[in-house]
Each structure stands twice: as structure tokens, then as C-alpha cells.
Amino acid sequence: MEIYNPGSFCGKKILVTDTIKVSESECEKFFSQFNFLELARKICSLSSNLFLSEKVEQFKDVPYTDRTLCEAVILAAKYARNEKLTTPTDDGLRLVLRIASGEEEKNLLKHSDALEMMTLVSYEQFRESPMHMVSRAWCLFTDAWPSRNTIQPLKEIESIVGISYRSILFFAMAALKDGYLFPYDNPSELSSFFGENLQEDSHLKFLDYFSSRKTDWVNRSVPPAYISKPILNSEKIPVGKNEVVYFVPAVNYLYARVTTGIYHDLSNFYNRGAKKNLFREEFGHAFEKYVGMLFDFYLTSFDISREILYGNRQNRTVDYFLKKDNELILVEVKQSGIFSNAKFLGDHHCASNNLKNSVGKAIKQIRVTKSLIANGLQELSAFKNCTIVHSLVVLYDRLYNANSICKDLLRPEFGNLDDISVINISELESFLDLQNQNQDFIEILKNRAINYPTYDFNELWAHFYKNRVDNKMFLKKYYEQVMPQKA
């Protein structure tokens, strides 16, 4: 099967493949020849190939993504049968993937706006390293979490899910290998290995919280079930087994669910109708501290200043000033970019409103701070002779097409944004690690602003630094803290 490359969009290569589009009756007829458990097992066996992969994965010349596998499992859950029927051959699985890709394309073509399609494709296909997500989440909920905060996230997570956060991360890691799993017969036997006191029902609590049954899996919810509940409870016991089998069609989605997804769980738990959400407020302080920890670790040749209070009302400047010689970078830190309807439905009206209330507020803060420096505010006198090289908005949540489509949505209200770049936390971690290896932080920013202004940073790294090694040295010690070790 041919893969076409008609061009690129802001550094993202566009690939087009032939898909198979079938009617619902044709789909039902095709999938009904297969045994559901065998078909789901074959589909999910491909999941581990996408783990840590940075290339386009293919099965017998058919490219597939995490979303393709989830669509294939949705079709299997809807139409495959429970009788002892055919187990799909490799050629059969190839056809399954082509039909699943066709279903993806059908959903995409419901949108007539090309930019909405690009947003949908971005959130469905792009991913970051699960190892980095785990390490970052652990750091945020431990070392970066201010001790004065009212909420203690590790305790809250355990009260919501019923098991410790370390156990959640361990069980997610253990789900990687085969694409399917059974409840552990005796989790407590693993206590010494995990370094956690596991109870007899701890793995079942994990499965119950992060899984859904077939009826929920096939519904088109927002976000989709494979995002909110990335483990599928088959409700079936395979021949020769004594436990129900669970399927994990996209391990990358499971890792996202137990890291950034836990953030959303806690945020929703504290969303009690008030204007302020206590968790989001306290997480904001932790995330701001986390960004500062990164700067302190990597930018050792910079003078780094935190937010400065000024005036009788103790107004606040941007969160960070990064000064080197007489050059200055202003940094404002925010949690979110856009929310579920914009991410999973491609709704640009929602995206525009979301951006105004997130990135837009950061832009205003940057512009106020610039004006204060230019007007000689006493509290900012340390920067009066500096040239402001650039400004960064740092987001916790991943925002795709941040410096192209998203900036276009913001321009009607905020005008020219060439002096400001939006970067998510994963990109910032890579950026700081990269500048340590190659060249100066400021020089990379200048080069990007002049030559690649619409590129997101991840695409810039792929385009300009093809042989980079993304070590993310800062995160390594946190991954080691989470990894199971024999006592």
C-alpha cells in the first residue's frame, strides 16, 4: 500500500494512505466472522510497537497509530462474536487496520474546516515519552509541591483510586508487554519488589478505576472512552483461564491517563461550583515551581528572577525573568491551553474562547511587564538596560499547533504575536536539555523566531536537530524513584 507525502504544515509532515471505507452492514459482516477475544488480542499485540517509537509504525505496509488500534478494538467490540470462530490471520489483521483507518477518516471528514482537521489529527496522533510523563508527574506531586499547600496530592489520589500513586504507576508499567492482562492472583507477593504494601484487591482497584466495559467503550463520548478509561474490560473469561481478560490497545494513552489524566481527576474532584478550584490553584504554584527547578538545573549561566510584586496592591509581574548579560527573556507559566471539546471535536470556536482565557491572560501579563520595564518601574530597575529578546508562555497541558493555528485564533484580539512563543512543558524540558548539548538558549530562540516562527518547538527539534539525544537529565532521578526495585 502506498504512502503519499503531499507536503507539510509548519514542520509536520503530512502522510496520506489508502483506506477502506465500508458501510455499517459490510463492517458487521466482516467483523462477525472473528472471535472477539482473539481479534482484540491480535490488535492489542501491536500496541507495544508504538511505545517510545518516534517513527511511523506499519503492519504489513499499513501505517497505524494508537488511535487506529483503538478504533479497531471499537469495531471488534461492536461486531465480533463470542463463539469459537475464526482467529484473524496477518492478512486479516491488515484488513482490520485498513478498515479502522477508514473509520478514522470518516470521523475526520465530518469537518469541512482544514484547520479543525489538523487539530484533530494532532491530538489523535502525536504523543510524548511515557517515561518523561511519569517522571514529571512524580516530581510535581512530591518535590515541586509546596509543603504549605492545603491539598496533599498523593493522599488525595489514594483516597480517590484506593491505592497509592506509586502502585498506579507500577501497574501501568506492567501493562505494557502483551496488550492484554489479567488481575494479579496475589498482588501482595509483589510488595517487596514494588516497595509498596500491596493489598489483595489493589490490582482490581486499579483495573476498576481505569477500565470500562464494551458498552461504554463503543460510545462516542468526549473525551473518548479510550482516553478516559484506556483499559477495556472484556467481561469474558478465555478458555483455560479463571479470570476476565482486560485489553490495552494503546499503552501510550494509559500512561497519559495515569499522569496528566490524574491531574484532571483531581481538578474535577475539587470543581465544586465555586469560581476558584483549590486544586488548580495549588497545582499552579507547584507547576510554577517545577519550571523554576528546570531553569535552575539547566540555565546556570543566567540570572534567574522569580515573579516580582509591585505597587500598593502588590500586583504581579510575569513568573520568571531570564537574564544573560543585557539580554532578557520573559516567561509566564499557565496550566491549560484548550479543553476537551476543542481537542476531541476540533471545535475552533471553543478553542478560541479557551485560548483567550489561558494563553491570552499570559500574553496580557507579558505585555504589562514589558510596559512596566519600559516606563522605568523601580521594582524592575534591574532590567532597565536589557533588550527583551523574546517572551515564552509555558503550558503544562500539550497544545498542538500553538504557534500557527492557535496564534491565528488569538490575533484578532491580541494583534501581532511575533515576539511571543508558546511552548508546552515537554518541549521546554527538551529545549533545556538540547541547549546544554548544542548551543545557547537565547540563540535557539532567536533562530526560531526569525526562521521558523510558525513551528512548534517539537517540530523544530525534529527538523533542525535530527541527531539530538533527548536525555531530559533533570527527570532521570525521578524516574528512578518510581521504578520498582527489589528490596
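Shown above is the structure to which this text applies.
For the structure given in this document, a descriptive report is provided here. Everything numeric here is computed off the predicted structure, so don't read it as measured data. (Residues numbered from 1 in each chain as written. Predicted model: local features only at pLDDT ≥ 70, side-chain atom pairs only at ≥ 80, totals over all residues. Heavy atoms only, no water.)

### Quick look at the overall build of the protein chain
And then number 1: The helix and strand tally for the protein chain stands at 23 helices and 15 strands.
And then number 2: Over its C-alpha atoms, taken along the principal directions, the protein chain stretches across nearly 80 × 55 × 45 Å.
And then number 3: Looking at the protein chain as a whole, 54% of its 487 residues qualify as buried.
And then number 4: Looking at the protein chain alone, contacts between residues at least 24 apart form 72% of all its contacts between residues at least 6 apart.
And then number 5: Here the protein chain has roughly 21800 Å² of accessible surface; of this, 48% comes from carbon and sulfur atoms. (Helix = DSSP H or I, 4+ residues; strand = E, 2+ residues; numbered from the N terminus. Buried < 20%, exposed > 50% of the residue type's maximum accessible area, 1.4 Å probe, protein only. Contact = heavy atoms within 4.5 Å. Areas by Shrake-Rupley, 256 points an atom, 1.4 Å probe, with all protein chains shown as cover.)

### Comments concerning the sheet that holds strand 13 (residues 327-334)
Strands pair in a sheet through their backbones, by hydrogen bonds, and they do so in one of two ways: parallel or antiparallel.
And then number 1: Strand order in the open sheet formed by five strands is 9-12-13-14-15, and the pairing between neighbours is mixed. Looking at which strands have only one partner, the edges of the open sheet turn out to be strand 9 (303-306) and strand 15 (420-424). Across the sheet, the mean angle separating the axes of adjacent strands is 25° when strand polarity is ignored.
And then number 2: Strands strand 12 (320-324), strand 13, strand 14 (387-395) and strand 15 of the sheet are contacted by helix 21 (residues 441-451), whose axis makes an angle of about 85° with strand 14. (Pairing = 2+ DSSP bridges. Axes fitted to C-alpha atoms, helices over the stretch in contact; angles between N-to-C directions.)

### Focus on the state of the cysteines
And then number 1: According to the stated counting rule, one finds zero disulfides in the structure shown.
And then number 2: No disulfide involves Cys27; its nearest neighbouring cysteine sulfur is the one of Cys70, lying 16 Å away.
And then number 3: Judged by its relative accessible area of 3%, Cys27 falls in the buried class. (Disulfide = S-S within 2.5 Å.)

### A closer look at the packing of aromatic side chains
And then number 1: The full count for this structure, using the stated rule, is 36 aromatic pairs.
And then number 2: Pairing Phe141 with Tyr165 gives two aromatic rings, centres 5.7 Å apart and planes at 70°, and the pair type is edge-to-face. Of this pair, Phe141 sits in helix 6 (residues 130-141) while Tyr165 sits in helix 8 (residues 165-174), placing them 24 residues apart in sequence.
And then number 3: With centroids separated by 6.3 Å and ring planes inclined at 15°, the aromatic side chains of Phe283 and Phe287 adopt a geometry described as stacked. With a gap of four residues between them, Phe283 and Phe287 both fall in helix 15 (residues 278-298), about one helical turn apart.
And then number 4: Ring-pair connections join several aromatic residues into one group, and the members of that group are Trp138, Phe141, Trp145, Tyr165, Tyr263, Phe279, Phe283, Phe287 and Tyr396. (Phe/Tyr/Trp six-rings, centres within 6.5 Å; stacked < 30°, edge-to-face > 60°.)

### Let's talk about the environment of Arg41
And then number 1: Position of Arg41 relative to the elements: it lies in helix 2 (residues 36-44).
And then number 2: Using a relative accessible area of 32% as the deciding quantity, one classes Arg41 as partly exposed.
And then number 3: Separated by 98 residues in sequence, Arg41 and Cys139 have C-alpha atoms that sit 35 Å apart.
And then number 4: Apart from the residues within four sequence positions on either side, Arg41 is in contact with Tyr180 and Phe247.

By themselves, these observations are geometric and do not establish any function.
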